[in-house]
Amino acid sequence: MKNRICNILGIEKPVIQGPMVWLTDAKLAAAVSNAGGLGSLGPNAGQTSVTRDPGETAERMRAEIRKVRELTDKPFSVNVLPMSNGVDVFTPPMLKVIFEEKVPVVTYVGDVKKELFDEIKSRGIKIVYRSLNPSPAEAAFAEECGADIVVATGFDEGGTLPNMTLGTFSIVPLIVDAVKSVPVMAAGGIYDRRSFNAALALGAEGVYCGTAFLMSEESRMAANVKEAVLKANAKDLLLFRTIPAYYRSLPGALANKLVEMDRAGATNEELGKAMGGFANLRKGMLEGDMENGYVSVGHAISFIHEIKPAAQIIADMTRDWGRLA
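Before going into details, it helps to say that this report is about the structure given with it. (Residues numbered from 1 in each chain as written. Predicted model: local features only at pLDDT ≥ 70, side-chain atom pairs only at ≥ 80, totals over all residues. Heavy atoms only, no water.)

## What about the packing of aromatic side chains?
The description of two aromatic rings rests on the distance between their centres and on the angle between their planes. Evaluated as defined, the whole model comprises 5 aromatic pairs. Look at Tyr108 and Phe117: their rings are 4.8 Å apart centre to centre, the planes differ by 75°, and that puts the pair in the edge-to-face class. Pair check on accessibility: Tyr108 and Phe117 agree, each one buried. Ring centres of Phe155 and Tyr246 lie 5.5 Å apart, and the angle between their planes is 85°; on these two criteria the pair is classed as edge-to-face. One end of the pair, Phe155, is in the loop between strand 6 (149-153) and helix 7 (168-178); the other, Tyr246, is in strand 10 (residues 246-249), and 91 residues separate them in sequence. (Phe/Tyr/Trp six-rings, centres within 6.5 Å; stacked < 30°, edge-to-face > 60°. Buried < 20%, exposed > 50% of the residue type's maximum accessible area, 1.4 Å probe, protein only. Helix = DSSP H or I, 4+ residues; strand = E, 2+ residues; numbered from the N terminus.)

Okay, structure coming up:
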């Protein structure tokens, strides 16, 4: 059963695996793409060490793109995460690699920059646009600038949370009603057939998932973190303010400290500094140090009771899709 998202991306099932910074690699992206969805590579896909050199970052991505192509002949995407302020030194070399490697899809996360949209579109690349702070006005602007698909992300997600505390099933119909001609995907708290079906009932034409695929067999997230997530549910997650707005984490020394700082009235800037950015995400989720790092997952953990192959996650999620489409 085809729909607009499948037609645009050249995939079989309207499911995208989110890029998730450090936590993706060729193995996971290829597994999702081979299962009929769209696998994605995040900015540090497949890496274990930090580099702040834009050229090296881009060349590392080139190597990971080529690994994906060794594992699948299906479409996949690469994340573009342009800086909102200052000189963006990482995006130009990353786009150069994306263009040279003829990547078919870009998952563009952040503020809309029309000049970047134009550059990407001029190469025949599809743009899946996800705002960090989704709003009807920004969705309409992204559509006007050439986005092929717009993602509506709710507060149920893991990672960098929106500044508006609207749940996924509140933001999805707002975004669906705001755009005229492009399909919308739902993101945040989606894992099983129930949440997938609910997203479609509200007007989304597919889903964009992070936590669901972190808990796959192919995911590079540390085994002890996967086990901790299996034992937890959404009620166990700690919420705290930070830069730019909010984050949540499973409990641990760092996460507990951040909650205490928040309650004591620390500023978002102070909390952001103490949080340690993506370096401590890597420490917590990739290296498995849940005390000195943080583990940011979404509300979908309430539905996750076993580690399954990515293909099985997609099959279970879309079990009713032919009937609903």
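## Quick word on the nonpolar core
Formed by 104 residues in total, the largest nonpolar core has its most connected members in Leu9, Ile98, Tyr108 and Phe213. Not counting chain neighbours up to four residues away, the residues in contact with Tyr108 comprise Val80, Pro82, Lys113, Leu116, Phe117, Ile120, Ile127, Val128, Tyr129 and Arg130. (Core = buried A, V, L, I, M, F, W, Y, C linked by side-chain atoms within 4.5 Å. Contact = heavy atoms within 4.5 Å.)

## Observations concerning the side chain of Glu205
Relative to the elements of secondary structure, Glu205 occurs in the loop between helix 8 (193-201) and strand 8 (206-209). A residue is classified by how much of its surface remains accessible, and Glu205, at 19% relative accessible area, is buried. In terms of polar contacts, Glu205 uses its side chain to reach the side chain of Arg4, at 2.5 Å. Excluding its chain neighbours within four sequence positions, the residues that come into contact with Glu205 are Asn3, Arg4, Ile5, Pro14, Pro183, Val184 and Leu200. (Polar contact = N/O pair within 3.5 Å; in protein donor to acceptor, adjacent residues only side chain to side chain.)

## Notes on the sheet that holds strand 5 (residues 126-130)
Taken in spatial order, the 8 strands line up as 1-8-7-6-5-4-3-2 in an open sheet, and their pairing is parallel. Every interior strand has two partners, whereas the edge strands, strand 1 (15-17) and strand 2 (39-41), have only one. Averaged over all pairs of adjacent strands, the angle between strand axes in this sheet comes to 25°, irrespective of strand direction. Pairing of strand 7 (residues 184-187) with strand 8 involves 3 bridges; the strand directions are parallel. Within strand 8, the position partnered with Met185 by the bridge is Gly206. On top of the sheet, helix 2 (residues 26-34) reaches strand 1, strand 2 and strand 3 (76-80); it is set at about 155° to strand 2, its chief contact. (Pairing = 2+ DSSP bridges. Axes fitted to C-alpha atoms, helices over the stretch in contact; angles between N-to-C directions.)

## A closer look at the pattern of salt bridges
Going through the model one piece at a time under the given rule, you end up with 18 salt bridges. Among the salt bridges present, the one from Asp262 reaches Arg241, with a minimum N-O distance of 2.8 Å. Of this pair, Asp262 sits in helix 11 (residues 253-263) while Arg241 sits in strand 9 (residues 238-241); the two residues are 21 residues apart in sequence, bridging distant segments of the chain. Connected via shared salt-bridge partners are Glu59, Arg62, Arg66, Lys96, Glu100 and Glu101. (Salt bridge = Lys/Arg side-chain N within 4 Å of Asp/Glu carboxyl O.)

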